[in-house]
Amino acid sequence: MIPPVPGVYRLLGGPGSPYSHKLRAVLRYRRIPHVWIMPQGGFGGSGALGDGTELEKAGKGMIPVLQYPDGGYRADSTPILYDLETRHAERSIVPPDPGHAFLAHLIEDMADEWLPLPMFYFRWTDDQRWCAERQMVGWIGAVGEDALASQAQAFMDRQKAQLEAAGLAAWPRDTVLAQYDAVLDILERQLCESLFLFGSRPSLAEFGLYGQLTQYAVDPFVCNRMKERAVRVYQWVHLMDDASGIEGEWLAPDAELSAPVRDLLGLAGSLHLPILQRMLELGGGPR
C-alpha cells in the first residue's frame, strides 16, 4: 500500500474514465487537497488493474478509486461525493432546497447510467481502433507500435464483446445518434441562458454530465458532432475541468426552472427511468 499523506486524498484514475474526471473536477471545485494518480501497466492480469498492483491490494477492480487521508480506499463516484459532503462543508455541490437536490441527483444518475451508452456505442463501432490505442497509451505510457497494437487489440476485443453482451451493438445507429443530438441540443440551449442548472454555481448534476462529456469531447466521431452542433457545450467541458475559481449562488426554492432543465428532466423520464426499471426487474438495482 502507498502510505497516506495527512490531509490529502489520492485519486487513482485514467484519461478514458468519465467517472475519474467527474471525481477530479469535484475535488478541484471544492478545493479539497488531492493528487491525481494514473496507474501504469497496461491491460491484462499483469497490468495496472492486475495482480500485485495498488488497485488489487486495495480490493478494487476498476477506476476511479479514492484513497482517503486515513489510508482507506473507496470506489463508486456518487457515494464518494456524498461522503465528501459529510466531511467538508465548503462549496457543497448539493442544492440546499430538497426539491432541487432531488432533481440534481436524478440528472446526475441519468448521466452516470444512461449517458455512457451512446458514447460506448460509438466508441466501439465508429472509433474503436483510435479509442483502444488512445486508452492504452494512457495506461502504458511510452510504448512502441508492436506493443501498442497488441494491447489495443486485446482491449478492443474485450470492449466489443461487452457491447455485444449488453445488446448495444443491435441498437439502430440513427436512434442512438438522435438521442445524443437531443442531449447536445438541450444543453446548448441551457448554455445560452446560464452555465449551470440550479443557480450560478455547479451542482452534482453538472459534474455527472461533465464526467461523461469529457469522453464525448475526445472520441473522434462524437467530438466532431459536438463541435459542429454545440460549440457552447464543447467549451463548457473545458470550463468544468477546473471550476475552482467559480463562485455563485443557488437558485431560490420558488424560482422556475429553465425550459432546457425541464427538457433534460423529460429525457430522464423517457430514456433513463426505463433502464432503472429494467435493472430493478433483473434484481440489480441502480448503481
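These numbers were taken from a predicted model, which means no experiment stands behind them.

(A) Main features of the packing of aromatic side chains. Inspection of every chain in the model, using the stated rule, returns seven aromatic pairs. With 5.2 Å between their ring centres and 70° between their planes, Tyr9 and Tyr68 make a pair best called edge-to-face. With Tyr9 in strand E1 (residues 9-12) and Tyr68 in the loop between strand E3 (65-67) and strand E4 (73-75), this pair connects stretches of sequence that are 59 residues apart. Among the residues examined, Tyr9 registers a relative accessible area of 4% and is labelled buried. Its relative accessible area of 2% is what places Tyr68 among the buried residues.

(B) Spatial organisation of the confidence of the model for the protein chain. Mean pLDDT for the protein chain: 89, with 91% of residues reaching 70 or above. In the predicted structure, residues 43-49 sits below a pLDDT of 50 and forms 23 contacts with residues beyond four places in sequence or in another chain.

(C) Expanded view of the packing of helix H8 (residues 173-193) against helix H11 (residues 231-241). Relative orientation of the contacting elements H8 and H11 amounts to 75°, with a least axis distance of 8 Å. Between H8 and H11, the interaxial angle falls into the category roughly perpendicular. Residues Leu184, Leu187, Glu188, Leu191 and Cys192 of H8 pack against Val231, Arg232, Val233 and Trp236 of H11. For the contact of H8 with H11, the residue count by class is seven nonpolar, no polar and two charged.

(D) Layout of helix H6 (residues 128-140). For H6, spanning 13 residues, the distance from its first C-alpha to its last is 18 Å, which sits close to the expected 18 Å at 1.5 Å a residue. Cys131, Ala132, Gln135, Met136, Gly138 and Trp139 are the residues of H6 that are buried. Buried residues of H6 fall within an arc of 155° about the axis and therefore sit on the same side. Phi turns positive, to about 90°, at Gly141, one or two residues after H6.

(E) Inspection of the sheet that holds E1 at higher detail. With mixed pairing, four strands are arranged side by side in an open sheet as E2-E1-E3-E4. Each edge of the open sheet is held by one strand with a lone partner, namely strand E2 (34-37) and E4. With direction set aside, neighbouring strand axes in the sheet form an average angle of 20°. Bridging between E1 and E2 involves four bridges; their strand directions are parallel. Bridge pairing in E2 places Tyr9 opposite His34. Packing against the sheet, helix H1 (residues 18-29) makes contact with E1, E2 and E3, and its axis sits at approximately 160° to E2. The sheet contacts of helix H3 (residues 77-87) involve E1, E3 and E4, and relative to E4 the element is tilted by about 125°.

(F) Just the nonpolar core, in detail. Residues Phe198, Leu209 and Trp236 are the most contacted members of the largest nonpolar core, which totals 80 residues. Counting residues per element, this core draws most heavily on H8, which supplies eight residues. Setting aside anything within four residues of it in sequence, one finds Trp236 in contact with Leu191, Leu195, Phe196, Glu206, Leu209, Tyr210 and Leu213.

(G) Representation of the side chain of Thr214. The topology assignment puts Thr214 in helix H9 (residues 204-216). Given the relative accessible area of 7%, Thr214 is considered buried. Side-chain polar atoms of Thr214 contact the backbone oxygen of Gly211, separated by 2.5 Å. In this structure the side chain of Thr214 is engaged in a polar contact, spanning 2.9 Å, whose partner is the side chain of Gln215.

(H) View of the pairing of E1. Residues Tyr9 and Leu11 point to one face of E1 and Arg10 and Leu12 to the other, with burial holding for every one of them. Read from E1 through H1 to E2, the crossover connection turns out right-handed. Pairing of E1 with E3, which is carried by three bridges, proceeds in the antiparallel orientation. Paired with Arg10 across the bridge in E3 is Gln67.

(I) Focus on the packing of H6 against helix H7 (residues 145-165). Between H6 and H7, the least distance of the axes is 8 Å, while the angle of their chain directions is 120°. Our classification of the angle between H6 and H7 gives oblique. Remark: the crossing between H6 and H7 carries right-handed chirality. Contacts between H6 and H7 involve Gln128, Arg129, Ala132, Glu133, Gln135, Met136, Val137 and Ile140 from the first element and Leu148, Ala149, Gln151, Ala152, Gln153, Phe155, Met156 and Lys160 from the second.

Reading guide: rules and limits
- Residues numbered from 1 in each chain as written.
- Predicted model: local features only at pLDDT ≥ 70, side-chain atom pairs only at ≥ 80, totals over all residues.
- Heavy atoms only, no water.
- Phe/Tyr/Trp six-rings, centres within 6.5 Å; stacked < 30°, edge-to-face > 60°.
- Helix = DSSP H or I, 4+ residues; strand = E, 2+ residues; numbered from the N terminus.
- Buried < 20%, exposed > 50% of the residue type's maximum accessible area, 1.4 Å probe, protein only.
- pLDDT = per-residue confidence, 0-100.
- Contact = heavy atoms within 4.5 Å.
- Axes fitted to C-alpha atoms, helices over the stretch in contact; angles between N-to-C directions.
- Parallel < 35°, antiparallel > 145°, perpendicular 65-115°, else oblique.
- Nonpolar A, V, L, I, M, F, W, Y, C, P; charged D, E, K, R; others polar.
- Expected span 1.5 Å × (residues − 1).
- Arc of directions from axis to C-beta.
- Pairing = 2+ DSSP bridges.
- Core = buried A, V, L, I, M, F, W, Y, C linked by side-chain atoms within 4.5 Å.
- Polar contact = N/O pair within 3.5 Å; in protein donor to acceptor, adjacent residues only side chain to side chain.
- Right-handed = clockwise from strand over helix to strand, strands pointing away.
- Left-handed = near helix turned anticlockwise from the far one by under 90°.

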